[in-house]
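Coordinates in review
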Amino acid sequence: MKIYDMDNKCYVNTKEIKNPKTKIEQLSHVLYCFENDIFDVVYDKSQPALVKYINSLNQDILYQDGMQFLYFTSGTTGLPTGVFKTKENSIKQAEALLKTLGDRKFNRVVTTVPFVHIYGVDIGAVVPKLLDIDIWTKENFLPEELVLEAEKEGTLIVTTPVFIKALNRIKKDVNLSGSYFLTSTAPVPKDDGKKFFELYNTSVSQLFASTETGLMGHKIDDEEILKTYDGVVIDEKYGMLRVSSPFVTQKILNDGVIEEVKPPFQTEDIVEILSESEFKLLGRSSNLAKIAGKRISTQQIEGIIEAMDEVECVLIKIRRDERALKDEILDIYVESKIGLDAKVLRKTLKEHFGAMNIAFKIFNNVKITRSSVGKKIGFKEL
Amino acid sequence: MITTDDLKEKIIAGLGLEDMGIDEIEDDSPLFGEDGLGLDSVDAIELTLIIEKEFGVKIKDMGESENVFSTPKTLVEFINSQLESDK
């Protein structure tokens, strides 16, 4: 297995890099850590608030025996949650994924995703490592470039629904049947999955996963029912999916405290269980948004806005627009003495989330209504 | 020939930046990163699709086009040069 740097058109070795800055450097570094059993904290250093949060933690507790990587994801309470993963979590998960690919033969992986999240590391790096095939990547891909790569026989593409939607929009007259696509972060909408197969004569397997649980289920093209991966046991509580598997984290870091995870792991995904190996995703807890593939707690954003001068209360609702590449838009209802200005909010969000452009619409002049126990439940226009 | 205002209108509409006016986007301000408009990698993909749909110009290679995406001005210069060479 080798890493091919498509920007500089050269092969790159795995090596330990103190402060990896580019996608290639991050890939080289995480693979070196993985190969040599070196623990590392993997996170998106372009998010200032996350960097600040991690630096504020007692650094000694970040290093836990037997762990390979510590990832950070947005917790439902608004604070980032640290998720420890073992090497065994990743290897067993990769083996389960490969079983679902059947007898397809691949000679390389092309990945559009970064290596600062579990999806990039586990699927974009560990899977090709196990297959002993090269990883091709570059800093930024355009849809046209991805099509050119996918035209080459035996390519496994690790990407996101954004690219599936974008490829559907450029409608290239090419046959990609010699390649296969994997996506994660959210299921591809049914119509997009169907259109993709019709346009390109190849399939997209959509991985349903989270940082805490690892892979849970998958579906292909326009299927609606998710099938569990080997080793994944599912049930539900209050309509929300619970998962036990060899891929689930054993330890999380919550508000600076290490917590052991006792299976089954309770997710925030609202599901209908159809059989012991099949389920349907109905939705997600309303306080988690997925923006450009990143999970963000609406409570965290509400907290950021409520800390601004003159803002008294904020309620955020998530609106979906499946036609857009960024398909989740935040409707932000603001109770304040003066209206919240979009430019000011954009600047504030940038200070917290870095170069991530969050799609939102502000509704000023509202009064947020609360339940008898103080929970924000709605709004009234003033 | 298109103007930077033509492009800004399409950016605002296509990327859902309804809260912004074209006069709030400087011709020379960066489109991406933490300064300027602050667009991200998903916006970059959307932007290439908008340019193809609205102006009929395909952007095929991010490496060659890196400087093209710097500012509204550089992007308009690129679009116009492509339109000119297609004549």
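Residues numbered from 1 in each chain as written. Chains lettered and ligands numbered in written order. Predicted model: local features only at pLDDT ≥ 70, side-chain atom pairs only at ≥ 80, totals over all residues.

With respect to the overall build of chain A
The helix and strand inventory of chain A stands at 9 helices and 25 strands. Over its C-alpha trace chain A gives a radius of gyration of 21 Å, about what one expects of a compact globule, namely 21 Å for 382 residues. Seen through its C-alpha atoms, chain A measures out along the principal axes to roughly 60 × 50 × 45 Å. Restricting to contacts in chain A with at least 6 residues of sequence separation, those with at least 24 account for 59%. (Helix = DSSP H or I, 4+ residues; strand = E, 2+ residues; numbered from the N terminus. Rg over C-alpha atoms; globule rule 2.2 N^0.38 Å. Contact = placed C-beta atoms within 7 Å.)

Structural notes on the pairing of strand E10 (residues 204-210) of chain A
One face of the sheet, then the other: side chains in a regular strand alternate in exactly this way. All names here are of chain A. Of all the 7 residues making up E10, 6 are buried; the element is thus mostly covered by neighbouring parts of the structure. Note that strand E9 (residues 180-183) and E10 share 3 bridges and pair parallel. Bridging across to E10, Thr183 finds its partner in Gln206. Bridge count between E10 and strand E11 (residues 214-220): 6 bridges; the pairing is antiparallel. In the sheet register, Phe208 faces E11, and the bridge partner there is Gly217. Hairpin connection between E10 and E11: a loop of 3 residues separates the two successive antiparallel strands. (Buried ≥ 20, exposed ≤ 12 C-beta atoms within 10 Å, placed from the backbone. Pairing = 2+ DSSP bridges.)

Some remarks on the sheet that holds strand E3 (residues 40-42) of chain A
All names here are of chain A. Here we have 5 strands laid out as an open sheet, ordered E3-E4-E5-E15-E16, and mixed in their pairing. Edge positions in the sheet fall to E3 and strand E16 (257-260), since each has one partner strand and no second. Each adjacent strand pair in this sheet contributes to an overall mean axis angle of 25°, direction not counted. Sheet topology places strand E5 (residues 80-85) next to strand E15 (residues 251-254); 4 bridges connect them, and they run antiparallel. By the bridge assignment for E15, Gly82 is matched with Leu253. (Axes fitted to C-alpha atoms, helices over the stretch in contact; angles between N-to-C directions.)

Section: the sheet that holds strand E23 (residues 360-363) of chain A
Residue and element names in this part refer to chain A. The strand order across the open sheet built from 3 strands is E21-E22-E23, with neighbouring strands paired in mixed fashion. Unpaired on one side and paired on the other, strand E21 (311-320) and E23 mark the two borders of the sheet. Across the sheet, the axes of successive neighbouring strands diverge by a mean angle of 20°, strand direction being ignored. Where E21 lies against strand E22 (residues 328-336), 9 bridges are found, and the strand directions are antiparallel. From the neighbouring strand, Val314 faces E22, where its bridge partner is Val334.

Re the environment of B:Ile79
Residues and elements named next belong to chain B. In this fold, Ile79 is placed in helix H4 (residues 72-86). Sequence separation between Ile79 and Ala44 is 35 residues; the distance between their C-alpha atoms is 15 Å. In this view, Ile79 contacts Ile2, Ile51, Phe55 and Val57; residues no more than four positions away in its chain are not counted.

A look at the domain arrangement of chain A
All names here are of chain A. Its domain assignment divides chain A into domain 1 (3-284) and domain 2 (288-381). Centre-to-centre separation of domain 1 and domain 2, based on C-alpha positions: 27 Å. With 19 residues of domain 1 in contact, the opposing surface of domain 2 contributes 16 residues. Take the side of domain 1 that touches domain 2: its biggest share by element is 3 residues, from helix H6 (residues 161-170). (Domains from an automatic or database assignment.)

Quick word on unusual backbone geometry
Residues and elements named next belong to chain A. A cis amide bond, omega 0°, links Pro263 with the succeeding residue Pro264. If you trace the backbone, Pro264 turns up in the loop between E16 and strand E17 (265-275). With a phi close to 55°, Asp132 is a non-glycine residue in the positive phi region. By the secondary structure assignment, Asp132 is in the loop between helix H4 (118-131) and strand E7 (134-137). Looking at Asp132, the number of C-beta atoms within 10 Å reads 8, which means it is exposed. Its identity is not glycine, yet Tyr238 carries a phi of approximately 50°, on the positive side. Its place among the elements puts Tyr238 in the loop between strand E13 (233-237) and strand E14 (240-244).

As for the environment of B:Ala13
Residue and element names in this part refer to chain B. With respect to the helices and strands, Ala13 occurs in helix H1 (residues 4-14). Given 12 C-beta atoms within 10 Å, Ala13 falls into the exposed group. A C-alpha to C-alpha distance of 9.8 Å links Ala13 and Ile50, two positions 37 residues apart in sequence.

Remarks on the interface of chain B and chain A
Tallying the contact residues gives 22 residues for chain B and 23 residues for chain A. At the level of elements, helix H2 (41-55) and helix H3 (62-65) of chain B are the ones that each hand at least two residues to the side of chain B that touches chain A. Considering each element in turn, the side of chain B that touches chain A owes the most residues, 8 residues, to H2(B). Each residue belonging to the side of chain B that touches chain A can be placed in one class, and the counts come to 8 nonpolar, 6 polar and 8 charged. (Nonpolar A, V, L, I, M, F, W, Y, C, P; charged D, E, K, R; others polar.)

A closer look at the nonpolar core
Residue and element names in this part refer to chain A. Counting 88 residues, the largest nonpolar core has Val30, Val42, Tyr71, Val121, Ala125, Ile157 and Leu215 as its most contacted members. With 7 residues, the single largest contributor to this core is H4. Residue contacts for Ile157: discarding those within four places in its chain leaves Val110, Leu146, Ala150, Ser179, Phe181 and Leu182. Among the nonpolar cores identified, the runner-up in size contains 21 residues, and Leu315, Ile332, Val334 and Leu345 belong to it. (Core = buried A, V, L, I, M, F, W, Y, C linked by C-beta atoms within 7 Å.)

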